[in-house]
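# What the coordinates show
The residues making up each chain are set out below.
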Amino acid sequence: MENMKLLSLAMMLLAVLAAGCARRRTPASLLPETSEAAGWTKTGSTRIVEAADLWRYIDGDSERYLRAGVQRTATAGYRYQDRFEAVADVHLMSSSDGAKKLFESESSAGSRAVEVGDAGRLYGQMLVFRKGRYLVRVVAYQDTPESREAIAALARAVERKIPGS
């Protein structure tokens, strides 16, 4: 009887630990692999940029991200059906307020709202959205009606990987 209680307690503890680990995702795991976004092929490995080095990646705009509390950025390149390429960036902020601040600091002129994350905007070949403490930017290197639809699909694949999705 005592062994059954210990076994039951051990199984509950393992379940709690597994659930906690499942909710914690590394920045690299927030970007879809080839099979996770219809039509998209990941063209390389995910690169992680820590806040202190963000200026090397976002030349000229990193201070705005640092003031908003960016902790790190995950970035990866993609190719859509051998037609065009895009890049996806996931910025992990220290709080959801930082993601909201960055999202709202960008002009909405020339954009249209899209239903992705907590709030999203499509600016031609770029889609930006925020979800919780993440700010996501997906940019295609061509602006066509097809690229707009495709980056929306890639953005939704990223959204599904963000905790709380």
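Residues numbered from 1 in each chain as written. Predicted model: local features only at pLDDT ≥ 70, side-chain atom pairs only at ≥ 80, totals over all residues. Heavy atoms only, no water.

### Quick word on the side chain of Thr46
By the secondary structure assignment, Thr46 is in the loop between β1 (40-42) and β2 (47-50). Note on Thr46: relative accessible area 18%, which makes it buried. Apart from the residues lying within four places of it in its own chain, the contact partners of Thr46 are Ala28, Leu31, Ala74, Thr75 and Ala76. (Helix = DSSP H or I, 4+ residues; strand = E, 2+ residues; numbered from the N terminus. Buried < 20%, exposed > 50% of the residue type's maximum accessible area, 1.4 Å probe, protein only. Contact = heavy atoms within 4.5 Å.)

### Side note on the confidence of the model for the protein chain
Mean pLDDT over the protein chain works out to 86, with 83% of the residues at or above the 70 mark. Below pLDDT 50 for its whole length, residues 3-24 participates in one contact with residues either more than four positions away or in separate chains. (pLDDT = per-residue confidence, 0-100.)

### Remarks on the pattern of salt bridges
Between side chains of opposite charge, a pair can form when the charged atoms approach closely. Tallied over the entire structure, the rule returns twelve salt bridges. Where Asp53 meets Arg56, a salt bridge forms, and the shortest distance between an N and an O atom there is 3.7 Å. Shared partners join several salt bridges into a network, and the residues in it are Asp61, Arg64, Glu106 and Arg137. (Salt bridge = Lys/Arg side-chain N within 4 Å of Asp/Glu carboxyl O.)

### So, the packing of aromatic side chains
Evaluated as defined, the whole model comprises four aromatic pairs. Each ring, one from Trp40 and one from Tyr80, has its centre 5.1 Å from the other, and the planes form 55 degrees; the classification is tilted. You can see Trp40 sitting in strand β1 and its partner Tyr80 sitting in strand β3 (residues 70-80), a full 40 residues away along the chain. Summarising the burial analysis for this pair, Trp40 and Tyr80 share the class buried. One aromatic cluster in this structure is built from Trp40, Tyr78, Tyr80 and Phe84. (Phe/Tyr/Trp six-rings, centres within 6.5 Å; stacked < 30°, edge-to-face > 60°.)

### Thoughts on helix α5 (residues 145-161)
The terminal C-alpha atoms of α5 lie 25 Å apart, and with 17 residues this matches the ideal 24 Å at 1.5 Å per residue to within 8%. When we look at burial in α5, the residues that qualify are Ser147, Ala150, Ile151, Ala152, Leu154, Ala155, Ala157, Val158, Glu159 and Lys161. On its buried face, α5 is in contact with β1, β3, β4 (84-93), β6 (119-123), β7 (126-131) and β8 (134-140). (Expected span 1.5 Å × (residues − 1).)

### Digging into helix α4 (residues 96-105)
Residues of α4 that are buried: Gly98, Ala99, Leu102 and Phe103. Buried residues along α4 cover an arc of 130 degrees about the axis, so they all sit on one side. Where α4 is buried, its residues touch α3 (62-68), β4, β6, β7 and β8. (Arc of directions from axis to C-beta.)

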